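Examining the three-dimensional arrangement
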Amino acid sequence: LQTVLHVNCCRPIRLALAAALLLTGVQATAGAPTFTQDVAPIFFEKCANCHRPGEVAPMSLLTYDEARPWAKSIHRKVESREMPPWKADPNYGSFANDISLSQEEIDTILAWVDAGAPRGPVADMPKVPSFPEGWQLGEPDYIVELPEIHVEAEGPDTFPNLDAELNLPEGTWLRAVEVRPGSREVLHHLVSFVST
């Protein structure tokens, strides 16, 4: 059949075959998750705090045009559970700021990428979340300034250990800590400990 179609096929049959192949492709992705309806809400809730202009992540995920070039990378990082980064053990309780993805959310993102990362109807796009400028947790009660670290343009990552004396009155509880780096281009991980 393949040889007959290739050599002896008349034009109407070729067009019909091409149309059938196109329809098959459309049916294969019909019902697939779209960015506007299915993926953007997940990105906005779980990723946009870091993946937006001016924040620590290397790219923004607020629009389809920003996210689409990263689809394959997103697939790898989400499937391996490297992103979003959440190391808290669920066996020890739940957290109000948990950004980990449910299995359903992971499956949605993977299916979106596997379907060719379709945009979806623009009308389905949710409103882009707004974020406060400056301090994300509100105006702090106490600010600790750490010394400036010089980072070479080339070479291995730098892992400095910095200590700061807080001098807080006895009986003071820490509710939250927010780190505001001077240069987001060079700071990508930070581990902090508070000891008494």
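Model, not experiment: these values are computed from the prediction.

A few points about the overall build of the protein chain
Within the protein chain one finds six helices and zero strands. Counted from the first residue to the last, the protein chain has its helices and strands arranged as α-α-α-α-α-α. Considering only intrachain contacts with a sequence separation of at least 6, the fraction spanning at least 24 residues in the protein chain is 63%. Counting only carbon and sulfur atoms, one obtains 56% of the accessible surface of the protein chain, whose full area is about 15,400 Å².

Re the confidence of the model for the protein chain
In this model, the protein chain carries a mean pLDDT of 82, and residues with pLDDT of at least 70 account for 84%. Every residue in residues 1-28 scores below 50 in pLDDT, and together they form six contacts with partners more than four places removed in sequence or on other chains.

Thoughts on helix H6 (residues 103-114)
End to end, H6 covers 16 Å across twelve residues, agreeing with the expected 16 Å (1.5 Å per residue, within 8%). When we look at burial in H6, the residues that qualify are Glu-105, Ile-106, Thr-108, Ile-109, Leu-110, Trp-112 and Val-113. For H6, the secondary structure elements touched by its buried residues are helix H3 (35-46), helix H4 (64-67) and helix H5 (71-79). Remark: Gly-116 follows H6 within two positions and exhibits a positive phi of approximately 95°.

What about the nonpolar core?
The biggest cluster of nonpolar side chains holds 23 residues, and the ones touching the most others in it are Phe-35, Phe-43, Leu-61, Val-78, Ile-109 and Trp-112. Discounting residues that sit within four places of it in the chain, Val-78 has contacts with Met-83, Leu-101, Ile-106, Ile-109 and Leu-110.

Side note on the packing of aromatic side chains
To describe a pair of aromatic rings, one takes the distance between the centres and the angle between the planes. If you walk through the whole model with that rule in mind, you get five aromatic pairs. Here a set of aromatic residues connected by ring pairs shows up, and it is made of Phe-35, Phe-43, Tyr-64 and Trp-112. Directly above the aromatic system of Phe-131 lies the positively charged group of Arg-52, at a separation of 3.9 Å from the ring centroid.

Quick notes on the side chain of His-75
Within the secondary structure, His-75 is located in helix H5. For His-75, a relative accessible area of 14% puts it in the buried group. Reaching out from His-75, the side chain makes a polar contact with the side chain of Asp-114 at a distance of 3.2 Å. In contact with His-75, other than residues within four places in its own chain, are Leu-110, Val-113 and Asp-114.

Comments concerning unusual backbone geometry
In this chain, Met-83 is followed by Pro-84 through a cis amide linkage whose omega measures -10°. When you line up the elements, Pro-84 lands in the loop between H5 and H6. Notably, Ala-117 is not glycine yet its phi reads approximately 55°, a positive angle. Structurally, Ala-117 can be placed in the segment after H6. One non-glycine residue, Asn-167, lies in the positive phi region at around 55°. Position of Asn-167 among the secondary structure elements: in the segment after H6. Residue classification places Asn-167 among the exposed residues on the basis of a relative accessible area of 63%.

Observations concerning H3
With twelve residues, H3 should cover 16 Å at 1.5 Å per step; its first-to-last C-alpha distance of 14 Å lies more than 12% under that length. Listed in full, the buried residues belonging to H3 are Phe-35, Thr-36, Val-39, Ala-40, Ile-42, Phe-43, Phe-44 and Lys-46. N-cap assignment for H3: the residue whose side-chain oxygen lies 3.2 Å from the backbone N of Gln-37 is Thr-34.

Definitions and limits used
Residues numbered from 1 in each chain as written. Predicted model: local features only at pLDDT ≥ 70, side-chain atom pairs only at ≥ 80, totals over all residues. Heavy atoms only, no water. Helix = DSSP H or I, 4+ residues; strand = E, 2+ residues; numbered from the N terminus. Contact = heavy atoms within 4.5 Å. Areas by Shrake-Rupley, 256 points an atom, 1.4 Å probe, with all protein chains shown as cover. pLDDT = per-residue confidence, 0-100. Expected span 1.5 Å × (residues − 1). Buried < 20%, exposed > 50% of the residue type's maximum accessible area, 1.4 Å probe, protein only. Core = buried A, V, L, I, M, F, W, Y, C linked by side-chain atoms within 4.5 Å. Phe/Tyr/Trp six-rings, centres within 6.5 Å; stacked < 30°, edge-to-face > 60°. Lys NZ or Arg CZ within 6 Å of the ring centre and 35° of its normal. Polar contact = N/O pair within 3.5 Å; in protein donor to acceptor, adjacent residues only side chain to side chain.

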